[in-house]
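What the coordinates show
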Amino acid sequence: MDSEIAADYSPLLKIYKSGRIERLMGETTVPPSLTPQNGVISKDVVYSPDDNLSVRLYLPEKAADAGEKLPLLVYFHGGGFIIETAFSPTYHNFLTAAVSASGCIAVSVDYRRAPEHPLPIFFDDSWTSLKWVFTHIAGSGPESWLNKHADFGRVFLAGDSAGATIAHHMAMRAAKEKLSPELSDSGISGIVLVHPYFWSKTPVDDKEIQDAAVRSKIEAVWMMASPGNKDGADDPWLNVVQSDSVDISGLGCGKVLVLVAEKDVLARQGWGYKAKLEKCGWKGELELVESEGEEHVFHLTKPDCEKALEAMKKFAGFIKGVM
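The sections below set out a description of the structure shown in this document. Source: prediction; values computed, not measured.

Along its 15 residues, helix H5 (residues 162-176) runs 22 Å from first to last C-alpha, staying within 8% of the 21 Å computed at 1.5 Å per residue. Within H5 the residues assigned to the buried category are Ala-162, Gly-163, Ala-164, Thr-165, Ile-166, Ala-167, His-168, His-169, Met-170, Ala-171, Met-172 and Ala-174. Where H5 is buried, its residues contact strand E6 (70-76), helix H3 (121-133), strand E8 (150-160), strand E9 (190-194) and helix H7 (267-279).

Laid out in structure tokens, this is it:
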């Protein structure tokens, strides 16, 4: 019977014995619109025809008729690599607000999700999307908005939670593999990691939560994304901070902003990332901002609260060049 449950990971998803996946959140979508929202217009464009994957582009309406070049933001959504999409109301509203506040052009990336598409597919899709974005570097790519408005001297990667993990790994890969023959470096100016999902089997410091049950739940999300993974939460894809085998000194960007929330169980990993980056020999600008009294991705669920508006101001300032 298709109704028989093999595994219940509420409130994220249920897996049925038939193999069917039922996601319990993050599945609602909203269409793009050329009618401005907060002064921003949007449209969807396919970046990987073979896998039917798209990005949603966001552009300030006032820039549409001008030839002005704008900072380019490439954003990776969160959701533990399992839930949410680039087209959900949550991310549509966030990107619209971010573009309005920062005056940039943005590319919000949709990637295939686990458990149907396990590690490293979501990382590979994200890289494919970046490669597609950089086909526009000479102004002759397939998408007119990027040709006309994207300033490839000011490219920023960002994401929240699992999306922040993706943004970090994309900046690492961009330093090793050329995104475009036109580039002499990584092509990435900076990254913003919002409440990044890094983890490890043992706490990163004495302030990180020690409760074994809570820690195992966080690891269980990763195991859904990477079934059969022998390293669990110590996999180098996830254990970026504590693992001695993970060298982040080659991070391919000139500046980094890390945003954490005080009551987020992942907050200490964000602090640990900052400390590791400071010690490893990476040469660049680095700032961490903590939102006091707030939980994981609170800015998405309470976008109009004071702390969320403060975080957005910091996010936008980073893209505009105001650290």
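There's plenty left to go through after this.
When the terminal C-alpha atoms of H3 are compared, their 18 Å separation across 13 residues agrees well with the 18 Å that a helix rising 1.5 Å per residue should span. Listed in full, the buried residues belonging to H3 are Phe-122, Phe-123, Asp-125, Ser-126, Trp-127, Ser-129, Leu-130, Trp-132 and Val-133.

Glancing now at the environment of Pro-71. For Pro-71, the location among the structural elements is in strand E6. Residue class for Pro-71 comes out buried when judged on its relative accessible area of 5%. Excluding its chain neighbours within four sequence positions, the residues that come into contact with Pro-71 are Gly-103, Cys-104, Ile-105, Asp-151, Arg-154, Phe-156 and Ile-319.

Across all of its chains, the model carries 15 salt bridges by this definition. When the shortest N-O distance is used, the salt bridge between Arg-23 and Glu-116 registers 2.7 Å. Of the two residues, Arg-23 is situated in strand E3 (residues 21-23) and Glu-116 in the loop between strand E7 (105-109) and H3; the sequence distance between them amounts to 93 residues. Given the relative accessible area of 38%, Glu-116 is considered partly exposed. Between Asp-205 and Arg-268 there is a salt bridge, and its shortest N-O distance comes to 2.9 Å. With Asp-205 in the loop between E9 and helix H6 (212-225) and Arg-268 in helix H7, the pair connects residues that are 63 residues apart, well separated along the chain. Each of Asp-51, Arg-112 and Asp-125 takes part in salt bridges that share partners, so that together they form one network.

So, how was this worked out
Residues numbered from 1 in each chain as written. Predicted model: local features only at pLDDT ≥ 70, side-chain atom pairs only at ≥ 80, totals over all residues. Heavy atoms only, no water. Helix = DSSP H or I, 4+ residues; strand = E, 2+ residues; numbered from the N terminus. Expected span 1.5 Å × (residues − 1). Buried < 20%, exposed > 50% of the residue type's maximum accessible area, 1.4 Å probe, protein only. Contact = heavy atoms within 4.5 Å. Salt bridge = Lys/Arg side-chain N within 4 Å of Asp/Glu carboxyl O.

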